[in-house]
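Chain by chain, the residues run as shown.
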Amino acid sequence: MNIGQAAEASGVSAKMIRHYESIGLVPRADRRDSGYRDYDPEDVHRLRFVRRARDLGFSLERIRALLGLWSDPGRSSSEVKALALTHIKELEGKALHLQEMADVLRGLSRACDGDERPDCPIIAGLEAGPVPTSRPSAEWPTSRSSSAKPPSHRPPFPGRR
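What you are looking at is a predicted structure, and each value in this text was computed from that prediction instead of being measured.

**Concerning the nonpolar core**
- With 20 residues, the main nonpolar core has Ile17, Tyr20, Leu25, Tyr39, Leu47, Val50 and Ile63 as its most contacted residues.
- Mapped onto this core, the elements with two or more residues apiece are helix H1 (3-10), helix H2 (14-22), helix H3 (41-55) and helix H4 (60-70).
- Ignoring anything within four residues of it in the chain, the contact list for Val50 reads Tyr20, Leu25, Val26, Ile63 and Leu67.

Next up, the structure:
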């Protein structure tokens, strides 16, 4: 089958198939006499494996390791499990970080009246500096006062008086 058919069958775009071939993640497909790539069912199976691993958020380096383990009949499942458990920890850390960011933004949004006044705790919070890793700190404006200002150690936003 040609690259378009392999893309359709595997769920991996033709562009990504070419990329995966160029970085050596998957072997380059055989070529027909006409010069077109020729994919067989084994190629499509490998591309589906890569697609599923990408859908689960594995990096290309980890997918490379997983492909190596997948093709090794003498592999130890403990190696595969170790890769999966490491990835789970990373995913959980990312999920926690995303939740913390949402909590901070939710707190800033609650503090904003959302009316016609220019004073906005969300803008002041963004202007204040680094996002805290958990709930808004004392430096972050969380009250509905019209005097929400960034901490004094930060210069005002350029163009603002």
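Additional details are given in the paragraphs that follow.
**Structural notes on the pattern of salt bridges**
- Going through the model one piece at a time under the given rule, you end up with 9 salt bridges.
- One salt bridge in this structure joins Glu42 and Arg46, with 3.1 Å as the shortest N-O distance. Taken together, the positions of Glu42 and Arg46, both in helix H3 and 4 residues apart, correspond to about one turn of that helix.
- A relative accessible area of 16% means that Arg46 is categorised as buried.
- Among the ionic pairs, Asp115 bridges to Arg117, the shortest N-O distance being 3.0 Å.
- The exposure class assigned to Asp115 is partly exposed, which follows from its relative accessible area of 36%.
- A single network of salt bridges, built from pairs that share partners, joins Glu42, Asp43 and Arg46.

**Observations concerning the environment of Met16**
- Structurally, the position occupied by Met16 is in helix H2.
- Assessed through its relative accessible area of 30%, Met16 is described here as partly exposed.
- Sequence spacing of Met16 and Arg51 is 35 residues, and the spatial spacing of their C-alpha atoms is 10.0 Å.

Rules behind the numbers
- Residues numbered from 1 in each chain as written.
- Predicted model: local features only at pLDDT ≥ 70, side-chain atom pairs only at ≥ 80, totals over all residues.
- Heavy atoms only, no water.
- Core = buried A, V, L, I, M, F, W, Y, C linked by side-chain atoms within 4.5 Å.
- Buried < 20%, exposed > 50% of the residue type's maximum accessible area, 1.4 Å probe, protein only.
- Helix = DSSP H or I, 4+ residues; strand = E, 2+ residues; numbered from the N terminus.
- Contact = heavy atoms within 4.5 Å.
- Salt bridge = Lys/Arg side-chain N within 4 Å of Asp/Glu carboxyl O.

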